[in-house]
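# Analysis of the macromolecular model
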Amino acid sequence: MNVRALAAKAVFDVLERGISLSVALPEQQQHVENGKDKALLAEICYGIMRHLPQLDKCVSDCLSKPFKGKQRIIHQLLIVGCYQLYFTRIPAHAAVSETAEACRQLKFNGLVKVVNGVLRNIERKKAPLCDSVDTLKYNTPAWFIKRLQQAYPTQWQQIIEQSHQRPPMWLRNNQQQQTRENFLAKLSAESIDAQSGAGEDAILLAKPTDVNALPDFASGSVSVQDGAAQWAASLLAPQNGEVVLDACAAPGGKTCHLLEIAPEVQLTAVDFDEKRLERVQQNLDRLKLKAQVIHGDAADIPSWWQGDKFDRILLDAPCSATGVIRRHPDIKWLRKNQDIEELAALQQQILQHCWQWLKPGGTLLYATCSILPQENRDQVSAFLASTPDAKLVAIEQQPEAEDIGWQILPGQDDMDGFYYARLVKAI
Ligand SMILES: C[S@@+](CC[C@H](N)C(=O)[O-])C[C@H]1O[C@@H](n2cnc3c(N)ncnc32)[C@H](O)[C@@H]1O
């Protein structure tokens, strides 16, 4: 099957079946062998998620009646064709003929002429993509624009702009294997351009690179992790010998960093999602680190834990992921407005429960990759108001000492959007 047909299938899975692109894309990539084709497939799918409303309108305007039911995949295929015409350097005749061939491969022979005709029509006119309303202009759902406007009256446009950028690639140096300076020297010897980030182990690559080209990647020299996510372990600051809980651990990026910083910590990594939990173990194995990995509910600790309370807890809570749209542009179309209040209620429940399992004097780091105050600042304010033994300890990096937590916005110092609040329990 050609790349366009596979792209239409992946886009269909996201938009019609609510599957995340990080699951749908690899499923289709299995069917292509050539690395260049895999990259083109990813480029088309990610690009479509960034520009969906404009592409969708362009295609819909060319159809006399919309495709329904099983034929919806031909609508997605037309979007694939339209994306190539507007956003790639693929010659128009190749984009049109390959997309028409994809229609045949998807077994809609009767619609090949329609696909050909619509794409030729779009190519002939090549009218500027419509931006008459905010959703089209910003390629962002209206509910999300509204929430951003309320939370960031002067910065919301810049946040949307940043969320459309292609993210840089960050590495986390494994301090158990070498110093960051040593690893930077190894990168330089391989002509890979990189610089240190603000976090103690952070390395920012000048351009994304295949991990297999990185020195000693397979034996655990470095991991791929955004600069913002790397603050979690340093801010929790685990000490060797302590009993630590990573309450929502999968796929384990932060679990591993905690152990790289303090390998003698007794770490328990828990997650609700059994499948995602497998990746925690894989990451630990590659980095030769040890933790107790448990499939369990962070809102019901006694159901899987018989030990004492914890010295430190990392609560990297399930969230809207609105801070990482630049890495996962499909989030914009998978999330719904009502999800935010549901997520906030779940976060509050997990936070209150984990707090009961923190020792007096212990530290809990609340983290999300969200930029919405409902999941962050407001959440922590409500928790502090209802929890007399909780005290917020300012984070050095936050702009104002009196801010409730540290909100990182997407693109700030090249990082993803993230939120941290450090809470200490009274003795
Ligand atoms: C933001 S992700 C965690 C990312 C992870 N800390 C890392 O750095 O790789 C949130 C995780 O919370 C998990 N989760 C959601 N509800 C949970 C619950 N009640 N108990 C435990 N884990 C939960 C999800 O399965 C998801 O893996």
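Below is a summary of the structure that appears in this document. (Residues numbered from 1 in each chain as written. Predicted model: local features only at pLDDT ≥ 70, side-chain atom pairs only at ≥ 80, totals over all residues. Heavy atoms only, no water.)

A few words on unusual backbone geometry. Of the consecutive residues Ala-250 and Pro-251, the connecting peptide bond is found in the cis state with omega at 5°. Structurally, Pro-251 can be placed in the loop between strand 5 (243–246) and helix 12 (253–261). Backbone geometry places Lys-288, a non-glycine residue, at a positive phi of 55°. Overall, the relative accessible area of 59% leaves Lys-288 in the exposed class. Unlike most non-glycine residues, Asp-414 shows phi in positive territory, near 70°. For Asp-414, the position within the fold is in the loop between strand 11 (406–408) and strand 12 (418–425). On the accessibility criterion, Asp-414 (38% relative accessible area) is partly exposed. (Helix = DSSP H or I, 4+ residues; strand = E, 2+ residues; numbered from the N terminus. Buried < 20%, exposed > 50% of the residue type's maximum accessible area, 1.4 Å probe, protein only.)

Taken residue by residue, a regular strand's side chains alternate between the two faces of the sheet. Extensive coverage of strand 9 (residues 358–368) is indicated by the burial of 8 of its 11 residues. Across 6 bridges, strand 8 (residues 310–316) lies against strand 9 in parallel orientation. Among the inter-strand pairings, Leu-315 is bridged to a residue of strand 9, identified as Tyr-366. The pairing of strand 9 with strand 12 spans 6 bridges and is classified as antiparallel. Residue pairing for strand 12: Leu-364 is matched across the bridge by Leu-423. (Pairing = 2+ DSSP bridges.)

A separate point is the nonpolar core. Formed by 53 residues in total, the largest nonpolar core has its most connected members in Leu-148, Phe-418 and Tyr-420. Among the elements that line this core, the one with the most residues is helix 11 (residues 231–236), at 5 residues. Both domains that meet at this core, namely domain 2 (170–224) and domain 3 (231–425), each give it at least three residues. Membership of the second largest hydrophobic core comes to 52 residues, among which are Leu-25, Leu-55, Leu-111 and Leu-129. (Core = buried A, V, L, I, M, F, W, Y, C linked by side-chain atoms within 4.5 Å. Domains from an automatic or database assignment.)

Residues in contact with the ligand amount to 19 residues; listed here are only the nearest, Lys-254, Asp-271, Arg-276, Ala-298 and Asp-316. Within the backbone of Ala-298, one N or O atom sits 2.8 Å away from a nitrogen atom of the ligand. Of the residues assigned to the shell around the ligand, the class counts are 10 nonpolar, 3 polar and 6 charged. (Near = heavy atom within 4 Å. Polar contact = N/O pair within 3.5 Å; in protein donor to acceptor, adjacent residues only side chain to side chain. Nonpolar A, V, L, I, M, F, W, Y, C, P; charged D, E, K, R; others polar.)

Read these as geometric descriptors, not functional statements.
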